[in-house]
Amino acid sequence: HQKKSAIALGLAACAAAIWTSLPLRISTLLSLSYGGSEADVQIHGARRGLVLTTPPDIVKNGYSHRYITLTPKQGGDPRKIVEWFVQTVRPLLLEEHIAPHKRRDNLLFGGVSYARLSGIWRQTTLEAGVPMTPHQVRHALATLMANQKDVDYSIIAALLGDTETTVRKNYV
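Residues numbered from 1 in each chain as written. Predicted model: local features only at pLDDT ≥ 70, side-chain atom pairs only at ≥ 80, totals over all residues. Heavy atoms only, no water.

Draft legend 1. Spotlight on helix α5 (residues 134-146). The end-to-end C-alpha separation of α5 is 18 Å, in line with the 18 Å expected for 13 residues at 1.5 Å each. Along α5, the residues classified as buried are P134, V137, R138, L141, A142 and A146. For α5, the arc enclosing every buried residue in end-on projection is 165°, short of the 170-degree limit, so these residues lie on one face. Where the residues of α5 are buried, they touch α1 (2-19), α2 (26-30), α4 (114-127), α6 (153-160) and α7 (164-171). (Helix = DSSP H or I, 4+ residues; strand = E, 2+ residues; numbered from the N terminus. Expected span 1.5 Å × (residues − 1). Buried < 20%, exposed > 50% of the residue type's maximum accessible area, 1.4 Å probe, protein only. Arc of directions from axis to C-beta. Contact = heavy atoms within 4.5 Å.)

Draft legend 2. The confidence of the model for the protein, seen in detail. Averaged over every residue, the pLDDT of the protein is 86; the share at 70 or more is 97%. Mean pLDDT across the elements of the protein bottoms out in α6 (77) and peaks in helix α3 (residues 78-97) (93). (pLDDT = per-residue confidence, 0-100.)

Draft legend 3. Structural detail: the pattern of salt bridges. Evaluated as defined, the whole model comprises three salt bridges. A salt bridge links K3 to E96; the nearest nitrogen and oxygen atoms lie 2.9 Å apart. Here K3 is found in helix α1, whereas its partner E96 is found in helix α3, with 93 residues between them in sequence. In this structure E96 comes out as partly exposed when scored by relative accessible area, which is 37%. Between R79 and E83 there is a salt bridge, with the nearest N and O atoms lying 3.1 Å from each other. Here the residue R79 and the residue E83 both occupy positions in helix α3, the gap between them amounting to four residues, near one helical turn. (Salt bridge = Lys/Arg side-chain N within 4 Å of Asp/Glu carboxyl O.)

Dropping the structure here:
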């Protein structure tokens, strides 16, 4: 049971590392490819960091992001967290916790279902005293970004795959 809980926390940590920089929909997050030079998730050294691309075919509104670098934050370095997930947690996840017929070696999260990641996220945030669904996290981050001093709403709109008008209407 402890191993299963540790893997769940690893999944939540990896998702949080990405979401705090790029508030993707959970379906997009679960569709990110990993491994190889053309993958959506590229882990580089400390200088280049973690680089993400979201192709239009995995994004709800067709808004894609090309080569977004996720930079270190006060709470941690997304590159280090995702790298730890890939090296330590992902092999266990693929080997022991995803049925072979559902396993997707080419995806960062290996074929984890929407329901499973959503459930892990809800349980983890509940235990932390801030119960939130993944979609609520996306909106919370957008609200925090939109209410910063000298904010550029076009950047938030691009990150969310929405229009600037939608961001101003819903998040300010």
